[in-house]
Amino acid sequence: MRHRRVASSLLIALILPFMCGTLSSQAAPASSSLLAATPVMGWNSWNKFGCNVSEKLIREIADVMVSSGMQSVGYQYVNIDDCWQVSRQADGTIVADADRFPGGIKTLADYVHGKGLKLGIYTDAGRMTCQKRPGSYEHELQDAKTYASWGVDYVKVDWCFAEGLDPEVQYAKFRDALAQAGRPIVFSICNWGVKAPWQWGPKTGNLWRTTGDITDNYDRMSVIGFSQNGLEKFAGPGHWNDPDMLEVGNGGMSRDEYRTHMALWAILAAPLLAGNDLRTMTAETKELLTNSEVIAVDQDAKGVQGHRVWEEGPLEIWIKPLADGSQAVGLFNRGESPLTMRLDAKLIAVSPASKLRDLLDHKDLGPIHESYSTEVPTRGVVLLRVSK
Ligand code: GAL
């Protein structure tokens with residue numbers, strides 16, 4: 001029932017009962033029963049809290065994800081990153097930090113599910129996590145079964161302490177372990193682009209990191225985001241390139257820089273995992289994270305990752321074709337002063353009668369005529385939707 005037209009091969013049926021997202025792009029039409037049919041949306045603890053995770057934090061984040069309106073625009077996963085785990089029992093079962101998670105992960109999952117949300121967890125394909133907690137190497141099946149028994153819906157698998165291991169092999173082991181665990185679990189491959197995961201990721205997981213870590217500054221965010229050009233052919237429903245989690249609201253970027261971050265991630269059909277403290281976010285941060293017109297670009301059912309169609313110095317135009325025949329168009333100014341940008345109707349192959357809408361500011365701009373010109377702020381963006 002979680003499947004679409006699953007290949008008839010018994011082998012695949014046995015190995016991949018829950019890993020619909022692992023099929024190739026040609027074989028993976030969007031469907032509501034497909035895991036990660038559109039890029040995952042949610043929150044992750046790492047960017048803001050690092051190792052300072054607890055049951056209390058996760059409950060409060062789940063609460064505010066609902067009360068802030070984030071859930072109603074599509075945010076769904078509440079993901080615990082590194083440091084929730086401390087040791088293994090004698091039989092190898094992974095043990096959560098009892099001081100920080102006194103009720104255990106299962107109780108926490110029940111709480112999160114009670115809010116209509118889903119719970120994510122973190123491990124490492126190597127011998128230890130990046131913060132030196134037990135890794136899942138040689139415990140893949142045991143850990144996958146433990147997560148399933150707790151009601152976990154998402155697992156991010158990191159790549160620290162994996163010397164001498166082949167990511168393609170190790171992540172396939174994890175995929176097979178999850179398939180045997182008896183629960184649909186989104187599989188997030190986090191090996192920072194090592195061994196070009198976009199090449200084997202589509203048959204292995206639902207998303208794969210393409211680069212090293214993001215940090216909360218414009219240079220790092222923009223280098224990562226704009227370097228995704230060319231990877232669009234590997235993404236599609238059930239399997240996505242992951243340029244890392246959002247930094248929106250963490251304080252290291254200006255309003256225009258965060259607008260660029262959000263608009264670029266939407267054009268890229270990137271996972272939208274907020275990484276800020278939702279409990280204390282400003283109205284400006286909330287408005288950007290919950291901009292439903294921008295989110296609609298990211299979550300568009302066609303599932304096509306956008307790409308760059310034009311560049312000149314610090315100026316770039318990116319497009320993302322959408323299911324209704326319209327296109328999302330990002331006019332990006334990577335420069336250090338405001339610049340006028342001109343979008344030629346011929347560049348995006350639309351008729352002069354096609355209508356423009358500004359998605360960040362929710363404004364209709366009328367027909368494009370031959371071209372549309374606008375000033376784009378320093379390190380900023382104008383994100384348009386151009387009707388057919
Ligand atoms: C990194 C990973 C980060 C975060 C961190 C935790 O390898 O890329 O997103 O999970 O480990 O230690």
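**Q** I'm lost on the site of the ligand in this one. Help?
**A** Taken together, the neighbourhood of the ligand is formed by 13 residues, with Asp 81, Asp 82, Lys 156, Asp 158 and Asp 213 sitting nearest. Between an oxygen atom of the ligand and a side-chain N or O atom of Lys 156, the distance comes to 2.8 Å. Contact between the ligand and Asp 158: an oxygen atom at 2.7 Å from a side-chain N or O atom of the residue. Contact with the protein chains covers 96% of the free accessible surface of the ligand, which is 310 Å². Looking at the shell around the ligand residue by residue, the classes come out as 6 nonpolar, 1 polar and 6 charged.

**Q** Looking at this model, I keep getting lost on the nonpolar core. Mind explaining?
**A** Soluble, globular proteins show a tendency: their nonpolar side chains are buried together. Counting 85 residues, the largest nonpolar core has Trp 43, Trp 84, Ile 105 and Trp 265 as its most contacted members. No other element matches the 7 residues that helix 9 (residues 255–267) contributes to this core. Apart from residues lying up to four places away in sequence, Trp 265 is in contact with Ile 214, Met 221, Ile 224, Gly 225, Pro 243, Asp 244, Leu 246, Ala 270, Pro 271, Leu 272 and Asp 298. Within the second largest apolar cluster, 17 residues are counted, among which are Met 341, Ala 345, Ile 368 and Val 376.

**Q** Any chance you could explain the sheet that holds strand 12 (residues 315–321) here in plain terms?
**A** Strand pairing in a sheet takes place through backbone hydrogen bonds and is either antiparallel or parallel in direction. An order of 11-12-13-18-15-16 is seen for the 6 strands of this open sheet, with the pairing classed as antiparallel. The two strands at the open ends of the sheet, each matched to only one other strand, are strand 11 (307–312) and strand 16 (363–367). Sheet twist, expressed as the mean angle between neighbouring strand axes with direction ignored, is 20°. The sheet contact formed by strand 13 (residues 327–333) and strand 18 (residues 381–386) spans 6 bridges and is antiparallel. Looking at the pairing, Val 329 lines up with Leu 384 of strand 18. Across the face of the sheet, helix 8 (residues 218–226) comes into contact with strand 11, strand 12 and strand 13 while running at roughly 50° to strand 12. Here helix 9 sits on the sheet and contacts strand 12, strand 13 and strand 18; the angle it forms with strand 13, its principal contact strand, is near 145°.

Cut-offs and rules
- Residues numbered from 1 in each chain as written.
- Predicted model: local features only at pLDDT ≥ 70, side-chain atom pairs only at ≥ 80, totals over all residues.
- Heavy atoms only, no water.
- Near = heavy atom within 4 Å.
- Polar contact = N/O pair within 3.5 Å; in protein donor to acceptor, adjacent residues only side chain to side chain.
- Areas by Shrake-Rupley, 256 points an atom, 1.4 Å probe, with all protein chains shown as cover.
- Nonpolar A, V, L, I, M, F, W, Y, C, P; charged D, E, K, R; others polar.
- Core = buried A, V, L, I, M, F, W, Y, C linked by side-chain atoms within 4.5 Å.
- Buried < 20%, exposed > 50% of the residue type's maximum accessible area, 1.4 Å probe, protein only.
- Helix = DSSP H or I, 4+ residues; strand = E, 2+ residues; numbered from the N terminus.
- Contact = heavy atoms within 4.5 Å.
- Pairing = 2+ DSSP bridges.
- Axes fitted to C-alpha atoms, helices over the stretch in contact; angles between N-to-C directions.

Geometric values such as these leave the question of function open.
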